[in-house]
Amino acid sequence: PSMPEIKAPRVAIRLAGGSFDARTADASVVLPGARRDMTIAFKTARYTVAGVFSNDPVAEAAFAWDAPLPAMASLLSHKGVGLLPQERARTIVAGRTTGQLKLRLPPSNSADWENQIVPTGNAQIVDGRIRAAELPYEVAGLKAGVTIGARAIEAKGNFLIGGVPA
């Protein structure tokens, strides 16, 4: 599976009792953008694997962030993550997001790997702006709370369509 590269200058690693744990408070992901590269700085990042020596290890990646909304949309639509369709990610042109996301990851040799990722978390979006060719107006002033579950994403908030509250 192709996951985006996470850069972390300092990582605490522990391997004990068949479990692996890597943690950092200083990590980032750089994603190529249409006009410029986008960087997501993580406040915390953790990667754990239980049963390292078993045939079916259980892995989990967890992140907390404060990032530009277009960069986070790009990460969520990355081929190795697949939580947001790429064509939707390109419509998000502005805003800021904070939140926490946990991904339960299948073994790397699993067929259909991307479809077996189980996400959970929450996020807040402020000053979001969406521009899509199929929309007659721009969506602006998006302020929302988002809950990410294993089977659904729920968002509640307010925004303007063509300058009118919706």
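If you're wondering where the values come from, they're calculated on a predicted model, not measured in any experiment.

**Some words on helix H1 (residues 69-76)**
Helical geometry note: an α-helix holds 3.6 residues per turn, so side chains three or four residues apart project in the same direction. Along H1, 8 of the 8 residues are buried, which leaves the element largely enclosed by surrounding structure. Leu69, Pro70, Ala71, Met72, Ala73, Ser74, Leu75 and Leu76 are the residues of H1 that are buried.

**So, the pattern of salt bridges**
For the structure on display, the rule yields 7 salt bridges. Between arginine 10 and aspartate 26 there is a salt bridge; the shortest N-O distance is 3.0 Å. Remark: aspartate 26 occurs in the loop between strand S3 (19-24) and strand S4 (27-31) and arginine 10 occurs in the loop between strand S1 (6-7) and strand S2 (12-16); sequence separation between them is 16 residues. Notably, a salt bridge pairs arginine 129 with glutamate 138, separated by 3.5 Å at the nearest N-O pair.

**Here we look at the nonpolar core**
By size, the foremost hydrophobic cluster in this structure holds 31 residues, and its most contacted members are Ile40, Phe42, Trp65 and Leu75. Breaking this core down by element, the ones donating at least two residues are S4, strand S5 (38-50), strand S6 (58-68), H1, strand S7 (92-105), strand S8 (118-130) and strand S9 (139-148). With 6 residues, the top contributor of residues to this core is H1.

**Quick word on the environment of valine 58**
Within the fold, valine 58 resides in strand S6. Sequence spacing of valine 58 and isoleucine 117 is 59 residues, and the spatial spacing of their C-alpha atoms is 11 Å.

**Notes on the side chain of threonine 91**
Residue position: threonine 91 is located in the loop between helix H2 (86-89) and S7. There is a polar contact of 2.6 Å between the side chain of threonine 91 and the backbone oxygen of arginine 88. When near neighbours in sequence (up to four residues on either side) are disregarded, threonine 91 contacts Arg129, Ile130, Arg131 and Ala132.

**What about unusual backbone geometry?**
The backbone of aspartate 127 shows a phi angle near 55°, a positive value even though the residue is not glycine. Mapping aspartate 127 onto the fold places it in strand S8. The exposed category is assigned to aspartate 127, whose relative accessible area is 59%.

Calculation criteria
- Residues numbered from 1 in each chain as written.
- Predicted model: local features only at pLDDT ≥ 70, side-chain atom pairs only at ≥ 80, totals over all residues.
- Heavy atoms only, no water.
- Buried < 20%, exposed > 50% of the residue type's maximum accessible area, 1.4 Å probe, protein only.
- Helix = DSSP H or I, 4+ residues; strand = E, 2+ residues; numbered from the N terminus.
- Salt bridge = Lys/Arg side-chain N within 4 Å of Asp/Glu carboxyl O.
- Core = buried A, V, L, I, M, F, W, Y, C linked by side-chain atoms within 4.5 Å.
- Polar contact = N/O pair within 3.5 Å; in protein donor to acceptor, adjacent residues only side chain to side chain.
- Contact = heavy atoms within 4.5 Å.

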